[in-house]
Amino acid sequence: MIKRARDNGSTRITFCLPVDDPAGRVSVVGDFNGWEPGRHTLVRRSNGTRSVAVTLAPGSTVRFRYLAENGVWFDDESAEHDGQNGIVTV
């Protein structure tokens, strides 16, 4: 699930997944972080989810995927897709 919140002229995007599906560490990787694995690792929350947030400029469109342990790439089914990656437009 992806959440959006406006904050002083920018938008905070929160990438959120269930705490244990998939098991192990998961990071969100995309053009907003140079497709660098591990840079935005989802953190366990008390509400039974894990999440990480990034701040983006208004009007931005970013592409992303999730990377789980053992090199397993997967998509966010709630996001729009361009055929290969998830897309978030701010």
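Preceding this section is the structure that the text describes.
Nothing here was measured: the structure is a model prediction, and the numbers come from that model. Residues take numbers from 1 onward in each chain, read along the sequence in its written order. Thresholds applied to this predicted model are a pLDDT of at least 70 for local features of residues and 80 or more for the giving and counting of side-chain atom pairs; totals over whole chains, interfaces and linings are not thresholded and use all residues. The basis for every side-chain value is the complete set of heavy atoms in the structure, and neither hydrogens nor water enter the calculation.

**Student:** Residues and numbers for the overall build of the protein chain, please.
**Tutor:** Numbering of helices and strands runs from the N terminus; a helix is a DSSP stretch of H or I covering at least four residues, while a strand is a stretch of E covering at least two. Looking only at helices and strands, the protein chain features zero helices and nine strands. Each helix and strand of the protein chain, placed in order from N terminus to C terminus, yields the pattern β-β-β-β-β-β-β-β-β. Just to be clear, the radius of gyration here is over C-alpha atoms, and the globule rule we use is 2.2 Å times residues to the power 0.38. Scaling as 2.2 N^0.38, a compact globule of 90 residues should have a C-alpha radius of gyration of about 12 Å, and the protein chain matches this with 12 Å. Summarising its shape, the C-alpha atoms of the protein chain cover approximately 35 × 30 × 20 Å along the three principal directions. Only protein chains enter the accessibility calculation, which uses a 1.4 Å probe; a residue is then buried when its area is under 20% of its type maximum, exposed when over 50%, and partly exposed in between. For the protein chain, buried positions account for 43% of its 90 residues. Here, Shrake-Rupley sampling with a 1.4 Å probe gives the accessible areas, and only protein chains in the shown set may cover a residue. Accessible area for the protein chain stands at about 5,200 Å²; split by element, carbon and sulfur atoms hold 44% of it. The convention is simple: Lys and Arg are positive, Asp and Glu are negative, and His and the chain ends are not counted. Think of each charge as sitting on NZ of Lys, CZ of Arg, CG of Asp or CD of Glu. Looking at charge distribution, the protein chain has the averaged site of its 11 positive side-chain charges lying 7 Å from that of its 11 negative ones.

**Student:** Residue-level account of the pattern of salt bridges, with values.
**Tutor:** A pairing counts as a salt bridge when a side-chain nitrogen of Lys or Arg comes within 4 Å of a carboxyl oxygen of Asp or Glu. Inspection of the entire model under this criterion finds two salt bridges. Ionic pairing is found between Arg 63 and Asp 82, a salt bridge with its closest N-O pair at 3.0 Å. Residue Arg 63 is found in strand E6 (residues 61-68), and its partner Asp 82 is found in the loop between strand E8 (80-81) and strand E9 (86-89); the two are separated by 19 residues along the sequence. By relative accessible area, which is 31% here, Arg 63 ends up partly exposed. The closest approach of N and O atoms between Arg 65 and Asp 75, which form a salt bridge, is 2.8 Å. One end of the pair, Arg 65, is in strand E6; the other, Asp 75, is in the loop between strand E7 (72-74) and E8, with 10 residues separating them in the sequence. Given the relative accessible area of 26%, Asp 75 is considered partly exposed.

**Student:** So, the sheet that holds strand E1 (residues 2-7): which residues are in play, and what are the values?
**Tutor:** As summarised here, the arrangement of the four strands in space is E1-E2-E5-E4, forming an open sheet in which the pairing is antiparallel. Edge positions in the open sheet fall to E1 and strand E4 (43-44), since each of these has one partner strand only. Between any two strands, at least two bridges found by DSSP are needed for them to pair. Pairing of strand E2 (residues 10-18) with strand E5 (residues 49-56) involves eight bridges; the strand directions are antiparallel. Paired with Leu 17 across the bridge in E5 is Arg 50.

**Student:** So what's going on with the packing of aromatic side chains? Residues and values would help.
**Tutor:** Each Phe, Tyr or Trp ring, with Trp reduced to its six-membered ring, pairs with another whose centre is within 6.5 Å; inter-plane angles below 30 degrees give stacked pairs, above 60 give edge-to-face pairs, and intermediate values give tilted ones. Here the structure, examined in full by the defined rule, presents five aromatic pairs. When the centroid spacing of 5.7 Å and the interplanar angle of 80° are considered together, the rings of Phe 64 and Tyr 66 count as edge-to-face. Judged by relative accessible area, Phe 64 falls into the buried class, the value being 1%. Ring geometry for Tyr 66 against Phe 74: centres 5.2 Å apart, planes inclined by 25°, an arrangement best described as stacked. Both residues of the pair, Tyr 66 and Phe 74, count as buried. An aromatic cluster is built from Phe 15, Phe 32, Phe 64, Tyr 66 and Phe 74, whose rings are joined through pairwise contacts.

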